[in-house]
Amino acid sequence: MQFQWLPATCGLILFLLVWQLFVVVTGLPPILLPPPTQVAMALWQERLVLCRAVTATFAASMLGLCLSLASGSILAVVFAQSRWLRSAFIPYIVFLQTVPVVAIAPLLITWFGYRFHTVVLVSAIVSLFPVVSNATTGLISVDPLLVDLFRIHGASRWQILIKLRIPNAVRYLVLGLRVSAGLAVIGAIVGELFVGDVISRFAGLGTIINAWQRMVRTDAVIAAIGASTFLGMAVLSIVNLVSTRLLHRWTDSADFEAQG
Amino acid sequence: MNVWYSSRSGGSLERLAVAESQRTVARSPMLIMVAMLLASSGCGGDPAQRESGQSAGRDAARPTTMMLNWFPEAEHGGFYAAELLGFCRERGLELEIRPGGPAAPVAQELVTGRIEFAVANADDVLLYRQQGAPVVALLAAMQESPRCILVHEESGVESLQELRGLTLQAGAGRPYLLFLQARGLLDGVQVVPYSGVARFVADPRSAMQGYTFSEPFLAQQAGAHVRVLKVAELGFNPYASCLITTERMIASQPELVQAMVDACRRGWLAYLDDPQATNLHILKLNEQGMTLDALTFGARELRNLCLPEGMPREQFGRMTRQRWQTLIDQFAELKLVDPQKVAVDSVFDTRFIAAATE
Amino acid sequence: MGVDKRPPAITVRGLTVRFDGHPPVLDELDLAVPGGEIVAIVGPSGCGKSTLLRSIAGLLAPVGGTIEFALTGASRDGQASAAERSLSTCPPAEPTGLGYVFQEPALLPWRNVIENVQLPLELQGEPWRQQRESGAADALRSVHLAAASWHKFPRQLSGGMRMRASLARALVVDPDVLLLDEPFAAVDDMLRTLLNELVVELWMQQPRTILFVTHNIAEAIYLSHRIVVLSRGRIRAELDNPLPWPRERAQRGSSEFADVYRQVSSALWAAAQEAA
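Residues numbered from 1 in each chain as written. Chains lettered and ligands numbered in written order. Predicted model: local features only at pLDDT ≥ 70, side-chain atom pairs only at ≥ 80, totals over all residues. Heavy atoms only, no water.

It is worth spelling out the overall build of chain A at this point. When helices and strands are counted, chain A shows twelve helices and zero strands. Each of the three principal axes of chain A carries a C-alpha extent, and together these read 75 × 50 × 25 Å. Across the 260 residues in chain A, those meeting the buried criterion constitute 48%. The long-range share in chain A, meaning contacts at least 24 apart out of those at least 6 apart in sequence, stands at 74%. (Helix = DSSP H or I, 4+ residues; strand = E, 2+ residues; numbered from the N terminus. Buried < 20%, exposed > 50% of the residue type's maximum accessible area, 1.4 Å probe, protein only. Contact = heavy atoms within 4.5 Å.)

Spelled out as structure tokens, the structure:
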């Protein structure tokens, strides 16, 4: 679906108006729900802190996403080699997906310390599953006719992997990355809840949301949530941009079904 | 008869459902919004109004709810004693104490009227006021702030001026941290989220935030030789375990507030004299691995915090304008509150504790 | 049974293919394909036409029988290759010299036309890019695909152009044997006629051995030297096609064509009834 600026802007303005009106009419205390104007003021007031936090979280989530892309792709290639391997290991990848990261974050800290790279790791773990599952699907769900074609011309297993399975998996991988993009940001923010330096150094969005919530700064918390959403969309746009600019050869799938 | 029965059971069921929703509500801002919607649509309601009709006809105690700022611990001992030893009932109150936890939404719950009283430290009271929540402190159980930093003896660190190079576990967004930071005491300190005593014990180059009546004992139990550095010694000394309510409660139901303050004052004095029974009660309620030894230690330490040397028993719970003003000035300097917005006379009210003392 | 005019390029003896738990798809089938001729295989759906072609291409391991290729001298032994069956990607014994066109164009969507046509050369280890490109260009010219479309992607082409590209890809290795597996089943009548004429033209240029599977009788007659009727895994009839060469569009309306059509048609019906 195309993003249409005009309706989207109108929708946003309408939403903000209803919000403002709701707060004014009900006379809710701002500690419960501040009006959008107050959130905007908090946003402006804390712009430097927010910018720094967004930068830190952006760095962590991009690195996390790259890490899960790299490790997920390698895992997928391994899994694509045999059904036995898939049956042996994929249940545990699913397990990794279902274990709440909140529960394993303290363990990760024990192993890797209160460091930026622990946040990256949490982000990567959270965003790994869509990459592995999509890439594996892409590698194994090649058109059997194409496999026949390769076999007729005496292709080796390696040639089938490089010239058929991997190119076929790219568009699946990109679909997975779109899901992972949001998850990587969530993972980084969750990681920061446990790892972030609450005073200065890598005060990411997770850290400041935590701090502001403890200080009952509902307006600033909402501003930070807005910034998180913005960051999620930014990371997603980067994935989309890379896929349309660099990978369009493998991902343009108009008429894909018709001719495959 | 039949009608009376069904309407009564309906009422209590509804109360149960509300209590259930409050337990899960408001850990996050999103949930707060949902809670707010519930409140505005009338499900939450004002328990005072709903209950008054019921209790007026019968000779029953007036139910009221108090929310704690943490899990049940020694710092809440006097409040539990007020309920356990029957002081509340004597004043016609049926007190339900609801445990808190990290980021317990006491201000939100007070503002929506779902609870009538809460326990908070003076620094939180100022933060709530800054955010427009009209909460008022009624009595201060702890005169001295129990806030401290724990370090290992073998680290050689002997004062808050020597924290450089340590990893400090601390809760994000705590005003005392900003106070330390503004004094340059956190330069070169890695401040990481609070995760508990175990991690502190494991690393001699680490430090952790704590309350003098709790964490030092737990760390020693876990085998660490700790040195306790009190933040109050730097002049940052907010009252702790204050009983708070809302301006609306004070205006509309001053008798209820007075009854509550009376009961809590008696509860605290009784707890400081003999905490044993109350500690056993708290032990049952605490699901975070509390031990009786820790509570006994806590109660002993609290005696010095609640009634410092030279302070007569009768003055328990007192608050002074000067102390509150100092805190507001310190917060203004840290840009945590706007002194125009948070007026010293609005944040506390000593009339009730004074009346209780007479 | 017809008489071979030329020495067979492919000799199939006693070929049996069976999938677990089912009656055999091919049942001790014998077939000799004369070198340099076009043999059309017709039969009802599910008679084993494609299975025969896939067995010859080495994509399926028969449980019994042999397939011999006269030109390359290689042979495929059913017993021996039964073991290979589980290795789904194992390469066939004699990869070169075979061109195969599927029912669908089966082009790689991420490669443009000329890259698709080069694929068999890459797989067979042609190291020189220039060599591959000129080979692909020759093949593309022979199927009359204009150079303007060489750098387009499959999704940008019409169905007919994709089929031509697919043919070019089969021709690029200059195969001795061309296996066409109902290649024009999914295209409209007019396009089918044009593509039939293209096959005739290609054969006239270079008379390869072509095994052509179809369920369209007119196509089978127009293209072939010989028509084989297959039903229930066995050859039920073999007819020499008396239609003179070169084939032209006008022949489709001739009485001779109609005669052959009747013969093939009745042979098909007879085979179908025998099977039932």
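Turning to the packing of helix H3 (residues 47–79) of chain A against helix H9 (residues 205–214) of chain A, a few remarks are in order. Residues and elements named next belong to chain A. At a closest axis distance of 8 Å, the pairing of H3 and H9 adopts a crossing angle of 135°. Judged by the inter-axis angle, H3 sits oblique to H9. For the pair H3 and H9, the contacting residues are Val49, Leu50, Ala53, Val54 and Thr57 in the first and Leu205, Ile208 and Trp212 in the second. Per-class residue counts for the contact of H3 with H9 are seven nonpolar, one polar and no charged. (Axes fitted to C-alpha atoms, helices over the stretch in contact; angles between N-to-C directions. Parallel < 35°, antiparallel > 145°, perpendicular 65-115°, else oblique. Nonpolar A, V, L, I, M, F, W, Y, C, P; charged D, E, K, R; others polar.)

What follows covers the interface of chain C and chain A. Listed per partner, the contact involves 32 residues of chain C and 26 residues of chain A. Of the roughly 2900 Å² buried between chain C and chain A on both sides combined, carbon and sulfur atoms contribute 59%. The interface formed by chain C and chain A holds three salt bridges in total. One salt bridge in this structure joins Arg54(C) and Asp148(A), with 2.6 Å as the shortest N-O distance. At the junction of chain C with chain A, the criterion picks out seven residue pairs in polar contact (both at pLDDT 80 or more). Broken down by secondary-structure element, the contributors of at least two residues to the side of chain C that touches chain A are strand E6 (98–101), helix H3 (113–123) and helix H5 (159–171) of chain C. Residue composition of the side of chain C that touches chain A, grouped by class: 20 nonpolar, four polar and eight charged. (Buried area = accessible area lost by both parts, 1.4 Å probe. Salt bridge = Lys/Arg side-chain N within 4 Å of Asp/Glu carboxyl O. Polar contact = N/O pair within 3.5 Å; in protein donor to acceptor, adjacent residues only side chain to side chain.)

Here we take up the side chain of Glu192(A). Assignment of secondary structure puts Glu192(A) in helix H8 (residues 157–195). Within the buried core, Glu192(A) has no salt-bridge partner, and the shortest N-O distance to an opposite charge, that of Arg52(A), equals 11 Å. Not counting residues within four places of it along the chain, the set of residues in contact with Glu192(A) comprises Ala56(A), Thr57(A), Val119(A), Gly204(A), Leu205(A), Gly206(A), Thr207(A) and Pro193(B). (Lys, Arg positive; Asp, Glu negative; His and termini not counted.)

Next up on the list: unusual backbone geometry. Cis peptide bonds are those with omega within 30 degrees of zero, and the linkage from Trp245(C) to Pro246(C) qualifies with -10°. By secondary structure assignment, the location of Pro246(C) is in the loop between strand E10 (234–240) and helix H8 (255–275). The phi dihedral of Ser241(B) is positive, around 50°, even though this residue is not glycine. Summarising the element assignment, Ser241(B) is placed in strand E10 (residues 240–246). The phi angle at Glu182(C) is positive, at roughly 45°, despite the residue not being glycine. If you trace the backbone, Glu182(C) turns up in the loop between strand E7 (177–181) and helix H6 (189–205). Relative accessible area serves as the criterion here: at 10%, Glu182(C) is assigned to the buried category.

Nothing here speaks to function; it is all geometry.
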